[in-house]
Amino acid sequence: MAIRKFKGFNDFVPTISDSEEDVPDLDASDDDMNQNQSKRTKPSKNKKSKSKVKGAAESEDEAKGDLNPDFMFAVDNSELTTNFEGWDFAGDEKSENKTDVDIDGIIRRKGGLVQMAAGAEDSSDCSESEDSEQENAEKEQIGEEDDDDLALDGFGMGAKRQNFEAEQSEEESAVESEAESSLSSEEDNDREELKSSVSDEEVKEEDTVEEMAKFYAPEEEGHEAKKCVHTTFNTLSLSRPVLKGLNALGYVKPSPIQSATIPIALLGKDIIAGAVTGSGKTAAFMIPIIERLLYKPAKIACTRVLVLTPTRELAIQVSDVGKKIGAYVNSLSFGLAVGGLNLRQQEQSLKSRPDVVIATPGRIIDHIRNSASFNVDSVEILVIDEADRMLEEGFQDELNEIMSLVPSKRQTLLFSATMNSRIKQLVSLSLKKPVRIMIDPPKQAASKLSQEFVRIRKRDQLKPALLYHLIRKLDPTGQKRIVVFVSRKEMAHRLRIILGLLGMKVGELHGSLTQEQRLKSVNDFKTLEVPVLVCTDLASRGLDIPKIEVVINFDMPKSYEIYLHRVGRTARAGREGRSVTFVGESTHERSIVRNAVNSVDSKVGRGSVCGRNVDWNKVEEVNKVIISKEDLIGEVLEEEKQEKEILRAEMEIRKGQNLLKHKAEIQSRPKRTWFQTESEKKNSSILSVLSKNKKLTNSKQRKRLEAVEDSSSRSYKKTKKDRSEDQERSFRKKKLNQKIKNKKKFRKG
């Protein structure tokens, strides 16, 4: 690895290179930087001549604008960019054949998306001035004295009722207070059990001081990195092309996570980094990666960086971040390997061996196995974004497979907003004395986020009407971006239809959509063509769409960590934001409210927590309108189902035509091999359950566990012989199963 000393700086930066001759000349002018690669990669002679006249040419070089400690780009003094319109979410080229059902068209034919429904508009529409006055009256800032009331109440455990239900009738209050008093003792016990279980869990999961000292780098390294504050990117020893890319994006001042991690990453050390959502973590690892790729060997094409993300949309966004930061870097290439997009196009892109590949775990394993001339043998930097999600059981098998394929001698960077960095989870990643950099206290929301909670009580059936009422109140003109999170895909689709029939244009984002539909939803939302996006937790991590003003939690998430990721879609990069959460009566939901209150209370000035009152009479009126449209909702779902069947039939026809037309070519292709079949996935889940429950009651369970462990521990090495053996093995298995079926049929006959 060549080491290059920057002119005017005292620190050395490790670079991705095998010889000193491959180090580019960063002391050249812009004209020289823009010339072809062959000229740019011969710096040895230039270095000799420059060393002879170094003293005489120093002032002249500075006059030309070469990189030096005092060099500054002409940018605004503001810390936030105002002209940045967000990252691109471009998919494949659209095909001429119709592949998606036009839901909006169906809703329009049923009378929706034309104007606000009668009754619903009157009941919830109001002017902006009335909204602001009413909201001020409805919300109560929770101070230090009644933090405990809100937390313990969890909206149902004894806080003063007037704080949340100002317009509730006396009769309803009496009935509910009776019910609450009868359950108060049980709820108190539940609360104590919850506290003890949480504390016990934390104690069990804590690593000892000896284990941490053995596994992590000394804490002083992380502390020193956080103490070193950089007011501009110029003081980070970055090269001119990277600074030009940052300037083009409007980046002026490094965020705390960027200021702390970039110098450590440039030294080639492993990093485990955590910071609140919207703090610039993607740029924190893309900047040092691109900086180090400036020094790559020019004549050797290979993939040197692999970035793993849990979702496709996040991978596409990370790819765009890298391309824009490295826009002025010559011969820097990016590849994308995600599910849902055109497989052949991705294969062609990966065939050129791009410098950086951004991928989801399943698809990158698919390409490693089946894409010709692509491998990860030369990967020198591995980045795992949203690392806590990737370390969960759903990705564990894929992650283990990737770890067995990438070189052990590499730099590994882990980033997440809720990074817990437990050693047991990190051992499988083969980290080498990683430096821990936790900028904000773990599990904390953004500083300018206003968190509001609406107590639902036993009105779950009114939630769709409440959502419509709330959206109309917060955004009567449809000029704000509002994200609504739900727990199920079916509910997301149903809400889109309900709100559409009420005259509100809504998009949806969840796993049942095709990748083309998902990207279209994100792009329409980004351009405000659709101001409301109803989505599952698919969109809760990493997506950075500028100017999302409001996040609404229609359903409470499964954990406080997911809640933080959800509300982290707003109040990003120093902006203000608001979240509104519908809270039920369960202990789980109350615990999330308690954590939200405690996180704000732990540091002065970190956002606010409010209880929000609702005019339930108006919500009831909207609900009556929704009930009257139940038949229309059913008709929309039925028509959508019929159109999907027609499209499926058309697709099968086209598939048959292609098979007839290109039969020889299709049959000549080698069959693709897969990392896990459905049965193997089931075995993997069984293994995880059995490994948690160590007690195996009989020999059958032991044998099954051993068999699953044996099959899961096999590491795949792609060779032609392995492929043929896999195909022969699967063929013999199918043949054997067919014989067994025939024998059974014969015996029955």
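Residues numbered from 1 in each chain as written. Predicted model: local features only at pLDDT ≥ 70, side-chain atom pairs only at ≥ 80, totals over all residues. Heavy atoms only, no water.

Examining the overall build of the protein
For step 1, the next point in the chain: In terms of helices and strands, the protein carries 31 helices and 17 strands.
For step 2, the next point in the chain: Considering the protein as a whole, with its 749 residues, one finds that 49% of them fall into the buried category.
For step 3, the next point in the chain: Taking as baseline every contact in the protein between residues at least 6 positions apart, the subset at least 24 positions apart corresponds to 79%.
For step 4, the next point in the chain: Accessible area of the protein: about 38300 Å², with a carbon and sulfur share of 50%. (Helix = DSSP H or I, 4+ residues; strand = E, 2+ residues; numbered from the N terminus. Buried < 20%, exposed > 50% of the residue type's maximum accessible area, 1.4 Å probe, protein only. Contact = heavy atoms within 4.5 Å. Areas by Shrake-Rupley, 256 points an atom, 1.4 Å probe, with all protein chains shown as cover.)

Some points on the environment of K424
For step 1, the next point in the chain: Assignment of secondary structure puts K424 in helix α20 (residues 423-426).
For step 2, the next point in the chain: Residues K424 and D207, spaced 217 residues apart in sequence, show a C-alpha to C-alpha distance of 8.7 Å.

A closer look at the confidence of the model for the protein
For step 1, the next point in the chain: Summarising the model, the protein shows a mean pLDDT of 75, and 66% of its residues fall at 70 or more.
For step 2, the next point in the chain: Every residue in residues 122-204 is under pLDDT 50, and counting partners more than four places away or in other chains gives 113 contacts. (pLDDT = per-residue confidence, 0-100.)

Regarding the nonpolar core
The nonpolar side chains of a soluble globular protein tend to be buried, and buried together.
For step 1, the next point in the chain: L238, F285, I287 and I325 are the most contacted members of the largest nonpolar core, which totals 51 residues.
For step 2, the next point in the chain: For this core, the element with the most residues is helix α14 (residues 281-293), which contributes 8 residues.
For step 3, the next point in the chain: In contact with I287, not counting residues within four places along its chain, are F233, L238, V242, L246, I262 and I325.
For step 4, the next point in the chain: Ranked by size, the runner-up nonpolar core spans 43 residues in total, among them L462, I471, V550 and I626. (Core = buried A, V, L, I, M, F, W, Y, C linked by side-chain atoms within 4.5 Å.)

Details of the sheet that holds strand β6 (residues 334-337)
For step 1, the next point in the chain: Across the sheet, 7 strands lie side by side as β6-β7-β5-β8-β9-β4-β10; this open sheet has parallel pairing. The strands lining the two open edges of the sheet, one partner per strand, are β6 and β10 (435-438). Averaged over all neighbouring strand pairs, the angle between strand axes comes to 15 degrees, with direction disregarded.
For step 2, the next point in the chain: Looking at chain direction, strand β4 (residues 271-274) and strand β9 (residues 411-416) are connected through 4 bridges and run parallel. Its bridge partner lying in β9, I271 is registered against L413.
For step 3, the next point in the chain: The strands touched by helix α15 (residues 312-325) are β5 (305-308), β6, β7 (356-359) and β8 (381-385); relative to β6, the strand with the most contacts, the crossing angle is about 180 degrees. (Pairing = 2+ DSSP bridges. Axes fitted to C-alpha atoms, helices over the stretch in contact; angles between N-to-C directions.)

Considering the pattern of salt bridges
For step 1, the next point in the chain: A complete count under the given rule lists 21 salt bridges for this structure.
For step 2, the next point in the chain: Where salt bridges share partners, they join R109, K110, E635, E639 and E643 into one cluster. (Salt bridge = Lys/Arg side-chain N within 4 Å of Asp/Glu carboxyl O.)

Regarding the packing of helix α16 (residues 343-351) against helix α17 (residues 361-370)
For step 1, the next point in the chain: At a closest axis distance of 11 Å, the pairing of α16 and α17 adopts a crossing angle of 65 degrees. Between α16 and α17, the interaxial angle falls into the category roughly perpendicular. The two elements α16 and α17 cross, and the hand of that crossing is right-handed. Here L343, Q346, E347 and L350 of α16 lie close against α17, whose contacting residues are R363, D366, H367 and N370.
For step 2, the next point in the chain: Here the contact of α16 with α17 is composed, by residue class, of 2 nonpolar, 3 polar and 3 charged. (Parallel < 35°, antiparallel > 145°, perpendicular 65-115°, else oblique. Left-handed = near helix turned anticlockwise from the far one by under 90°. Nonpolar A, V, L, I, M, F, W, Y, C, P; charged D, E, K, R; others polar.)

Some remarks on the packing of aromatic side chains
For step 1, the next point in the chain: By the definition in use, this model includes 5 aromatic pairs.
For step 2, the next point in the chain: When the centroid spacing of 5.0 Å and the interplanar angle of 90 degrees are considered together, the rings of F215 and Y216 count as edge-to-face. Just as F215 is buried, Y216 falls in that class too.
For step 3, the next point in the chain: Arranged with centres 5.8 Å apart and planes meeting at 20 degrees, the rings of Y560 and Y563 form a pair that is stacked. Here Y560 and its partner Y563 are both found in helix α24 (residues 560-567), 3 residues apart, which amounts to about one turn of the helix. (Phe/Tyr/Trp six-rings, centres within 6.5 Å; stacked < 30°, edge-to-face > 60°.)

Section: the UniProt feature "short sequence motif: Q motif" (unreviewed entry) in the protein
For step 1, the next point in the chain: UniProt feature "short sequence motif: Q motif" (unreviewed entry): in the numbering of this structure it lies at residues 231-259.
For step 2, the next point in the chain: Measuring from the first to the last C-alpha atom of residues 231-259 gives 9 Å, for a span that is 48% helix and 0% strand. (UniProt positions renumbered as here; feature names shortened; annotations may be inferred.)

Thoughts on unusual backbone geometry
For step 1, the next point in the chain: A positive phi angle, near 60 degrees, is found at S237, a position not held by glycine.
For step 2, the next point in the chain: Topologically, S237 is positioned in the loop between α11 (219-227) and α12 (240-249).
For step 3, the next point in the chain: Even without being glycine, E386 reaches a positive phi, approximately 50 degrees.
For step 4, the next point in the chain: Given the relative accessible area of 4%, E386 is considered buried.

Some points on the environment of L113
For step 1, the next point in the chain: By the secondary structure assignment, L113 is in the loop between α5 (103-109) and α6 (120-124).
For step 2, the next point in the chain: Distance from L113 to L501, taken between C-alpha atoms, is 6.2 Å for residues 388 residues apart in sequence.

Section: the packing of helix α21 (residues 463-474) against helix α26 (residues 616-628)
For step 1, the next point in the chain: Interhelical geometry of α21 versus α26 gives an angle of 115 degrees and a closest axis separation of 8 Å. Viewed along their axes, α21 and α26 adopt a mutual orientation that is roughly perpendicular. You can see that α21 and α26 cross each other, and the crossing is right-handed. Contacts from P464, A465, L466, Y468 and H469 of α21 reach α26 at W616, K618, V619, V622, N623 and I626.
For step 2, the next point in the chain: In terms of residue class, the contact of α21 with α26 is made up of 8 nonpolar, 2 polar and 1 charged.

Notes on the pairing of β5
For step 1, the next point in the chain: Along β5, one buried face is formed by V305 and V307 and the opposite face, lined by L306 and L308, is buried too.
For step 2, the next point in the chain: Note that β5 and β7 share 4 bridges and pair parallel. Considered in β7, the bridge of V307 is made with I358.
For step 3, the next point in the chain: Sheet analysis places β5 next to β8, joined by 4 bridges and oriented parallel.

Some remarks on the side chain of D104
For step 1, the next point in the chain: Locating D104 in the fold gives a position in helix α5.
For step 2, the next point in the chain: When near neighbours in sequence (up to four residues on either side) are disregarded, D104 contacts L113, R496 and K505.

Overview of the pairing of strand β17 (residues 608-611)
For step 1, the next point in the chain: Of the two faces of β17, the one lined by S608 and C610 and the one lined by V609 and G611 are each fully buried.
For step 2, the next point in the chain: Sheet analysis places strand β11 (residues 449-455) next to β17, joined by 4 bridges and oriented parallel. The residue of β17 that forms the bridge with Q451 is V609.

Considerations on helix α27 (residues 630-661)
For step 1, the next point in the chain: With 32 residues, α27 extends 47 Å from end C-alpha to end C-alpha; this agrees with the ideal 46 Å at 1.5 Å per step.
For step 2, the next point in the chain: Every buried residue of α27 is accounted for by I633, V636, E639, E640, E643 and L647.
For step 3, the next point in the chain: Its buried side turned inward, α27 meets α5 and α22 (489-501). (Expected span 1.5 Å × (residues − 1).)

A closer look at a positive patch on the surface
For step 1, the next point in the chain: On the surface, a cluster of positive charge is contributed by K735, K739, K743, K744, R747 and K748.
For step 2, the next point in the chain: Here K744 shows up in helix α31 (residues 720-748).
For step 3, the next point in the chain: Given a relative accessible area of 51%, K744 falls into the exposed group. (Patch = residues over 30% accessible without salt bridge, like charges linked within 9 Å, V, L, I, M, F, W, Y side chains within 5 Å. Lys, Arg positive; Asp, Glu negative; His and termini not counted. Charge placed at Lys NZ, Arg CZ, Asp CG, Glu CD.)

Here's the deal with the environment of G362
For step 1, the next point in the chain: Structurally, the position occupied by G362 is in helix α17.
For step 2, the next point in the chain: By relative accessible area, G362 is classed as partly exposed at 46%.
For step 3, the next point in the chain: For G362 and L399, which are 37 residues apart along the polypeptide, the C-alpha to C-alpha distance reads 9.1 Å.

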